Amino acid sequence: MSRSASPNLPVARIGEWLREHQQAIRRLQWAVVVFYVLLLVVPALVPMPDRQSHIWSNVVLFAQFIFWGIWWPFVLLSMVLVGRSWCGLFCPEGALAEAASRFGLGRATPGWIKWKGWPFTAFACTTIYGQMVSVYQYPAPALVVLGGSTLAAIAVGLRMGRGKRVWCRYLCPVSGVFGLLSKLAPLHYRVDQAAWRGWGSEAGRRAPAVNCAPLVPIRTMRGASACHMCGRCAGFKGAVALEVRSPSREIVEVAGADPRPWETVLIVFGLMGLAAGAFQWTANPLYVMAKLAIAEWLIDHGATMLMEPRWPWWILTNYPDQSDMMSPLDGGLMIAYILATALVTGLAVSAALAVAARSLGRFETRKFHHLAQCLIPIAGGGVFLGLSALTVTMLRAEGLALDFVGVMRACLLAGAAAWSLWLSWLVCRHYGASLPRRIASVAAVACAVMVGTVNWIALFWIW
Ligand code: SF4
């Protein structure tokens, strides 16, 4: 049986090469698991670094740099370049979830796990909790947050599915973000419906089973959002092939047919609002002023206990040796700030999107959600900048000047904003809107883009 969907295309051959080397991919994943566990556990067991420590000489700083300076920002970037290849080929959590599921109880996935709001809820809770415990600064919280997530993934695998990644599909705190960014990838596994049907029409022809671990309905797959790019289905029924595509195609031609309100919430309130708030709260002078005002009021009213760090480090940052402690006032105000940023940004962006959808004619929620998808570049670009700020901080602490960073940030923000506007232009054309309506709609999307951009401009250039 031939399993070659597009044998003459080098890109398709890469997909088939991956299919044929699943054993090697599994070995690679176990190597990543070992490296990941060492990076998580060892720093939590050794003393904190002193002022003379360096990234290359201290395991705590090394792990901090690898996890938050390299791993997270560049895994995010990889989604836009090669889809969710990280998930399918390297992710230690996904590999452990799938391995556990091979030996687990194999139970069915209950309905509550399939709730579509989990990606946003898990992302929001992890982001806020990460700030409460200073996950980027200390190894013990990193062990709790990342290790806790990995243990939960294994537990889900032990209970549900058979060789599947139920955790990755429904519950992983970053799967929603990865799914959004991979829509922009220039690579995807395309399913040729005619070839698929043609395969079944020949009597006695049987295709070998494919285990799609993240439970993608391969036959009806039209995008890269849920696919982990593992390559196992490459060439299946002579109909599936890794292909190059326009980075605009999934947003413009696919996303509108299947409106996903929770994805809109994740883009508008999560990435553009909540994530921005989490990165900027320490820098905002208004936050400091509000804290001082509330502290004065608490002192006047004899409620100073709210200003004393009294909770353990796994609830609120509490490292007296590092002179880094958070009181209930600090923690409460920080959570309020992040939620307020999410709410204000989200509502302002939603209002602009509503105007954009209305500008195309009669208001329809599917157009609203479709236009929200156009904001993925600016939303993802902002989060990448926020995450890479730690990379820059750590490298500067090592003596690197990195004078070009400001220009690069400006170029990235401008490029992401232009990409979002270009997508909205294409989406408006997709609906056949007249030129004046198209211009009006894109102008409203530009307002949404500006709202999202202002948060990052304030953080990097004003405060
Ligand atoms: S559809 Fe499933 S099997 Fe095919 S490449 Fe994507 S994750 Fe792998």
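Scroll up for the structure.
Cut-offs and rules
Residues numbered from 1 in each chain as written. Predicted model: local features only at pLDDT ≥ 70, side-chain atom pairs only at ≥ 80, totals over all residues. Heavy atoms only, no water. Near = heavy atom within 4 Å. Nonpolar A, V, L, I, M, F, W, Y, C, P; charged D, E, K, R; others polar. Disulfide = S-S within 2.5 Å. Buried < 20%, exposed > 50% of the residue type's maximum accessible area, 1.4 Å probe, protein only. Helix = DSSP H or I, 4+ residues; strand = E, 2+ residues; numbered from the N terminus. Expected span 1.5 Å × (residues − 1). Contact = heavy atoms within 4.5 Å. Core = buried A, V, L, I, M, F, W, Y, C linked by side-chain atoms within 4.5 Å. Domains from an automatic or database assignment.

Explain the site of the ligand here, please?
Around the ligand, the neighbouring residues are Y189, C212, P214, I218, M221, C227, H228, M229, C230, G231 and C233. Class assignment for the residues of the shell around the ligand results in 9 nonpolar, 2 polar and no charged.

Any chance you could explain the state of the cysteines here in plain terms?
Where two cysteines share a covalent bond between their sulfur atoms, that bond is called a disulfide. With the rule as written, the count across this model stands at 0 disulfides. Free cysteine C87: the closest other cysteine sulfur is in C91, separated by 6.0 Å. C87 gets classed as buried once you look at its relative accessible area, which sits at 6%. The closest cysteine sulfur to the non-disulfide-bonded C428 is located on C374, 7.3 Å from its own sulfur. When its relative accessible area of 0% is taken as the criterion, C428 is described as buried.

Sorry if this is basic, but what is going on with helix 5 (residues 92-103) here?
Given 3.6 residues to a turn, an α-helix orients residues that are three or four positions apart in the same direction. Over its 12 residues, helix 5 runs 17 Å from end to end, which matches the ideal 16 Å to within 8%, given 1.5 Å per residue. Burial within helix 5 is extensive, with 10 of its 12 residues counted as buried. When we look at burial in helix 5, the residues that qualify are P92, E93, G94, A95, L96, A97, E98, A99, A100 and S101. Those residues of helix 5 hidden inside the fold are in contact with helix 2 (22-45), helix 3 (59-82), helix 4 (85-90), helix 7 (139-159) and helix 8 (166-171).

So what exactly am I meant to see when it comes to the nonpolar core here?
Across soluble globular proteins, nonpolar side chains have a tendency to be buried as a group. Counting 107 residues, the largest nonpolar core has W68, W71, F178, L371 and L375 as the members making the most contacts within it. A per-element tally of this core places helix 3 first, with 12 residues. Each of two domains, domain 1 (10-182) and domain 2 (253-462), supplies a minimum of three residues to this core. Excluding residues within four positions of it along the chain, L375 makes contact with I267, M272, V349, L353, S420, V445, A448 and V449. Counting 19 residues, the second-largest nonpolar core is a separate cluster that includes L18, C212, A234 and L242.

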